[in-house]
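Given next are the chains, with one letter for each unit.
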Amino acid sequence: MKRSRRLILGTVVLAFALSACGSSSKPSSSGTTTTTGGGGAKKFSGSITLAVNPWDGSAANAAVAKVILEKQGMTVKTKDIDENAVWAALDSGTIDANLEVWPSGHAKDIETYITTKKSVIDGGLIGPTGHIGWFIPKFVADAHPEYKTWDGLKTAAAAKYFATAETGDKGQFLLGDPSYVSYDADIIKNLNLPFKVVTGGGEAALITGIDTAFKDQKPLLFYFYTPQWANAKYDLVTVKLPDITPACTASAAGQGKDGKYSCDYPTDHLMKAISAKLQSKNANAFSFLEKMKWTDNDQNTVTKYKNEDGMTIDAAAQKWVDANPTVWQAWLS
Amino acid sequence: MTSPRSLLVRLAVPTAVIAAFAVLLAGVWGNPIATWWNFRIGPWIDSVEEWIILHRGNHWLFRWGFEPIARWLHNLVQWDLNALHFITWPGLITLVVVVAARVSGIRAALTAGVAVFVIGGLGVWEPAMVTVALMLVSVAIVLALGLPLGILSARRPAFERRTRVVLDAMQVMPAFCYLLPCVLLFDIGYPPAVVATVIFALPAAIRLTSHGLRGVPDRLMEVGTAHGATPRQSLLKIQLPVARPALLLGINQTINLALGIVVIAALVGAEGLGQEVLAGLQHLDVGQAFDAGLAIVAVAIVLDRLTAGRPLRAARKFRRDRTPERARIELLAGVGAVVIAIIVGKLWSSGAFPTSIDFSLHDPVNRLVAWCRDNLRNGVPIIGGTGSISDFTVIHLLDPIRDFLTQRTWWEVICGVTALAWITAGRRVAAACAIALLVVTGLHADGSAGGSIWVDTMDTLSQVLVAVVISMVIALPIGIWAGISERFYAAIRPLLDAMQVMPAFVYLVPVIGLFSVGRVPGIIASVVYALPPGIRLTALGIREVPPETIEAARSSGATKFQILTKVQLPLALRSIMLGLNQTILMVLSVVVIAGLVGGGALGVDVVYGLTKSELGLGVEAGIAIVALAVVLDRMTQAWAAGVRGVAGSTRLRTPPRVIRVGKTKLLDQLETA
């Protein structure tokens, strides 16, 4: 019976045949638009690819860079990619830059690619700062002001208040994505807090947990960070942890492997990571990306346009670029 | 029947041997975790990773090995994508309809055409084309590798035996474990996604091919030999044609499994529908994720109709009626229709799918999710609500089992499992279980939560057991009903299909919303994914009972209930046991997903290890998952083999590993055959 063979062959051939007839045509939509113009000296040309990690700030940085550089006559592509997978792409030059790296979560990548292999270049700070910390909903803080500091969490009453089925007689501390830097288990241990870490496993799980807590008006103590879109939606209050000591700084330098971390989280100065290959490939674009720097406020404006006014991220970036020429003109010089 | 005496022997020997062993070990070790040996797999993997990072880009292995392969894969996908863009959406619909009509008949063609249209109407045409291009390339490669290897493994039992563990590992090892390493070797984008898909889907293709060929009756082969056929001739003229249903099934399975990688492929920059699902998840926008998930189901339907082939009887009629002239006319008409459609598409809005056609379920889905969260969590009469169900499961099911398993010392667990396997499944299975668990004791990477791999393995095992029990409790009654009522089964079949192809990421958010972050949402996700094979195999078992047997029971005055409990269920037991086996493997294959919603343990270890560049931990956790699969799979398979039943004696001689993971199309085919 020949049909089976033909069928199998057919499937194989179909894939290759499609390839063949496709090679003659250009993609009708490549997801990028090229706008030439801008006048003046044609400093900027060629094409670069920027990484977009799965959060709004990252998308805002890339969109603003894209709007400005395309106005100068460049082609800028963006690539949605996981924040960990992006390092290998920066290393090989497939992606030219990642404009928002939270250094606390990537100590090992920074050491491997920037310090040792030197295939990725530290592009300096992007401006906005990240804050990781412990949070509670505002309604919890209002009902129990004592839980706004770590001292207040020491009691058995606190444990009972925050307890869930998962943690039994201890209070629950909810963690999100396991790849984000977290000293929480050590903080809890070293400060003798009657709490237990439950790993949500992902950011979506964490925010859903927060959402449920607000809907049910149930207590919740959790790991969270700014900037993050959910901060605008839910009224959150920081829990005060002990001030940072030299011992904690030393412990953090070793990714908390010594198990001695017992302080507040250090501020994350968000940085840019640029592929070393871009320096020789497109020095002007490299220098632009290195100079690019804005503020928490600028970035929040763009993400607000997107989340509250329902604009696309590109339109939001365009609106910011139109309104703030003085800020970004400095990046071009 | 075993006599009491031989039963005594059967029980006494293993018990005595293992008890002696246990007493011996008890004297030596009181530590719950084995500390005497360390296979150092994790550190070894870490050093390999470091070497790769430092040498990628300049070493010859990358220059002349991985990089050209990656470029080739990328171009292949890009070409397919360009072709899909070139033919425009009216062209694609027509092409799909024409090909499906030729391959699978008119009805299938209409379904496929509608499915393509729905993809456009969901507003995800562009990403869907990326996914389709990825699928075409991956599936083509899987078949190009899988068919020859399958033939080889059918002809050389030794090859089959030796590759068995490797194929098992490829199927159960979470795709996460090799996706990110693939990035180091093949860079980001399409190539690592294609490679990961090939790894995941290849075993099914090999096994179904080999199974199909070995299912060819010996007498047919003898006829061939008697007529002087060379081995090549008997392969091409006898084995392959006779094995056609199994081979088609292999293609089908391959496609469905390949679609399972779509979402995580987006993590490494492969874009497509997976990216849409992730983007929805990022803002807890279930509606957006659901639209994309629905499009993935539609892609599965399209590809299924393109490759399923006609049902046996229709195929025979089709061949009889088909004259060469008619074939030529059909070909011309088909090509003509596609060309016209492409021209129409080119003229009309340059081939982009019109945005005015909108089937999006975004808003209704989001409203439904909000309603469920507001109304089902609390205050439901009698049961209280999903919140209290969740708490009950944790306190009364999960905690006791986990505590029991983690508080035993490692050798207590191993001896217990080995004894159980020896008594119920025989010596060989017992040995396999013991070895698998001993391997786990030698894994010593630091778990993400500071626990050891062994403790996390026991934690995961407790969750797997609970998920399996819940799945079977739900699957049995539904399966029995589906076995009795043809109409009911026809009604739930599309739902079962959708449950398996719809990515779990789509329903994670509502599930967490209902059941609070923790182990329960993970278990719910596993149950949703694992229910279909349990239901199908139970239904199959019931339906496979020969009508004569039921008739005989009825004529001797048995009531319907008696027929069910005394005749149908006992005879369906073997099939149900296979359902149990499948359920376990399905649950194990979503351990990582469960980790993403609060399941912790091995699932989180895998995610943590791979995202934190601690590959060693991720791989060790992956190996532990494979070890659990070996133990549970071998044991339940042996149980199934030991049970008498029609399913085993007549049509379903399939070794269950052939049909594992993902789809149960085989069952459908058997049912319609």
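Residues numbered from 1 in each chain as written. Chains lettered and ligands numbered in written order. Predicted model: local features only at pLDDT ≥ 70, side-chain atom pairs only at ≥ 80, totals over all residues.

Peer 1: Which residues make up the overall build of chain B, and what are the values?
Peer 2: Summing up its helical and strand segments, chain B has 31 helices and zero strands in all. Computed over its C-alpha atoms, the radius of gyration of chain B comes to 26 Å, within 12% of the 26 Å expected for a compact globule of 673 residues. Considered along the principal axes of its C-alpha atoms, chain B spans approximately 80 × 65 × 65 Å. Looking at chain B residue by residue over its 673 residues, the buried ones come to 56%. Residue pairs at least 24 apart in sequence account for 80% of intrachain contacts in chain B once pairs closer than 6 positions are excluded. (Helix = DSSP H or I, 4+ residues; strand = E, 2+ residues; numbered from the N terminus. Rg over C-alpha atoms; globule rule 2.2 N^0.38 Å. Buried ≥ 20, exposed ≤ 12 C-beta atoms within 10 Å, placed from the backbone. Contact = placed C-beta atoms within 7 Å.)

Peer 1: Break down the overall build of chain A for me, with residues and values.
Peer 2: A count of helices and strands for chain A gives 15 helices and nine strands. Looking at chain A residue by residue over its 333 residues, the buried ones come to 51%. Partitioning the intrachain contacts of chain A with sequence separation of at least 6 by distance along the chain shows that 73% fall at a separation of at least 24.

Peer 1: Outline the interface of chain B and chain A, listing residues and values.
Peer 2: It is common to give the size of an interface as the accessible area that goes away when the parts come together. In this complex, chain B contributes 77 residues to the contact, which on the side of chain A involves 58 residues. Top contributing element to the side of chain B that touches chain A by residue count: helix α3 (residues 60-104) of chain B, with 10 residues. Broken down by class, the residue content of the side of chain B that touches chain A amounts to 42 nonpolar, 24 polar and 11 charged. (Nonpolar A, V, L, I, M, F, W, Y, C, P; charged D, E, K, R; others polar.)

Peer 1: I'd like a description of the pairing of strand β5 (residues 171-175) of chain A, backed by residues and values.
Peer 2: All names here are of chain A. Counting buried positions along β5 gives five out of five residues, so the element sits mostly inside the fold. Neither face of β5 is exposed, since Gly171, Phe173 and Leu175 on one face and Gln172 and Leu174 on the opposite face are all buried. Here five bridges tie β5 to strand β6 (residues 195-199), and the two strands are oriented parallel to one another. Following the sheet pairing, Phe173 is matched in β6 by Val197. Judged from the two bridges that link them, β5 and strand β7 (residues 221-226) form a sheet pairing that is parallel. The residue of β7 that forms the bridge with Phe173 is Leu221. (Pairing = 2+ DSSP bridges.)

Peer 1: Which residues make up the packing of helix α21 (residues 453-484) of chain B against helix α26 (residues 560-589) of chain B, and what values do they have?
Peer 2: When two helices pack together, you describe them by how their axes are tilted relative to each other and by the distance separating the axes. All names here are of chain B. One way to put it is that α21 packs onto α26 with a least axis distance of 10 Å and a crossing angle of 135 degrees. One way to sum up the angle between α21 and α26 is to call them oblique. In this structure, the crossing between α21 and α26 has a hand that is right-handed. In this structure, α21 uses Val464, Ala467, Val468, Ser471, Met472 and Ala475 to contact α26, whose residues at the interface are Gly579, Leu580, Thr583, Ile584, Val587 and Leu588. (Axes fitted to C-alpha atoms, helices over the stretch in contact; angles between N-to-C directions. Parallel < 35°, antiparallel > 145°, perpendicular 65-115°, else oblique. Left-handed = near helix turned anticlockwise from the far one by under 90°.)

Peer 1: Outline the domain arrangement of chain A, listing residues and values.
Peer 2: Residues and elements named next belong to chain A. In terms of domains, chain A is made up of domain 1 (39-130 + 269-332) and domain 2 (131-268). Relative to domain 2, the C-alpha centre of domain 1 lies at a distance of 30 Å. With 18 residues of domain 1 in contact, the opposing surface of domain 2 contributes 12 residues. Contributions of two or more residues to the side of domain 1 that touches domain 2 are made by α2 (56-71), β4 (120-137), β9 (268-275) and α13 (296-307). (Domains from an automatic or database assignment.)

Peer 1: Explain the pairing of β9 of chain A residue by residue, including any values.
Peer 2: All names here are of chain A. For β9, a buried count of six out of eight residues is recorded, marking the element as mostly surrounded by other parts of the structure. Bridge count between strand β3 (residues 97-101) and β9: three bridges; the pairing is antiparallel. Along β9, the bridge assignment pairs Val101 with Met271. In this sheet, β9 lies alongside β4 in antiparallel orientation, the contact comprising six bridges. Bridging across to β9, Thr129 finds its partner in His269.

Peer 1: Describe helix α8 (residues 190-214) of chain B, naming the residues involved and giving the relevant values.
Peer 2: Residue and element names in this part refer to chain B. When the terminal C-alpha atoms of α8 are compared, their 35 Å separation across 25 residues agrees well with the 36 Å that a helix rising 1.5 Å per residue should span. Roughly 40 degrees is the biggest bend found in α8, and it falls at Ala201, with proline Pro203 one to four residues downstream. Of all 25 residues making up α8, 24 are buried, and the element is well covered by its neighbours. (Expected span 1.5 Å × (residues − 1). Bend = angle between axes of the 7 residues up to and from the residue.)

Peer 1: A description of the environment of Ala279 of chain B should follow, citing residues and the corresponding values.
Peer 2: Residue and element names in this part refer to chain B. Within the fold, Ala279 resides in helix α13 (residues 273-282). Among the residues examined, Ala279 registers 18 C-beta atoms within 10 Å and is labelled partly exposed. Distance from Ala279 to Ala292, taken between C-alpha atoms, is 10.0 Å for residues 13 residues apart in sequence.

Peer 1: I'd like a description of the packing of helix α23 (residues 504-515) of chain B against helix α27 (residues 591-599) of chain B, backed by residues and values.
Peer 2: Residues and elements named next belong to chain B. Running from N to C, α23 and α27 point in directions that differ by 30 degrees, and their axes come no closer than 11 Å. On the basis of their axis angle, the class for α23 and α27 is roughly parallel. Of the two possible hands of crossing, α23 and α27 adopt the one that is right-handed. Contacts between α23 and α27 involve Ala504, Leu508, Val511 and Ile512 on the former and, on the latter, Ile593, Leu596 and Val597. Across the contact of α23 with α27, the residue classes tally to seven nonpolar, no polar and no charged.

Peer 1: Tell me about the confidence of the model for chain B, and name the residues and values.
Peer 2: Segments scoring low in pLDDT should not have their predicted coordinates read at a detailed level. Taken as a whole, chain B shows an average pLDDT of 84; of its residues, 91% reach a score of 70 or greater. Taken over the whole predicted complex, pTM reads 0.86, whereas the ipTM for its chain interfaces reads 0.82. (pLDDT = per-residue confidence, 0-100.)

Peer 1: Which residues make up helix α29 (residues 615-642) of chain B, and what values do they have?
Peer 2: Taking 1.5 Å of rise per residue, the 28 residues of α29 of chain B would be expected to cover 40 Å, and the 40 Å separating its terminal C-alpha atoms lies within 8% of that figure. Summarising burial for α29 of chain B: 24 of the 28 residues are buried, a large majority.

Peer 1: I'd like a rundown of unusual backbone geometry, residues and numbers included.
Peer 2: Here Thr226 of chain A and Pro227 of chain A are connected by a cis peptide whose omega angle stands at -5 degrees. Along the chain, Pro227 of chain A falls in the loop between β7 and α9 (230-233). Here the phi dihedral of Lys118 of chain A falls at roughly 60 degrees; this positive angle occurs in a residue that is not glycine. A positive phi is found at Asp187 of chain B, a non-glycine position, where the angle reads about 65 degrees. Tracing the sequence through the fold places Asp187 of chain B in the loop between α7 (175-186) and α8.

Peer 1: Could you give an account of the environment of Phe176 of chain B, with specific residues and numbers?
Peer 2: All names here are of chain B. With respect to the helices, strands and loops of the structure, Phe176 is situated in helix α7. Along the primary structure Phe176 and Phe200 are separated by 24 residues, whereas in three dimensions their C-alpha atoms are 11 Å apart. Apart from residues no more than four positions distant in its own chain, Phe176 is found in contact with Ile264, Val592, Val606, Val607 and Leu610.

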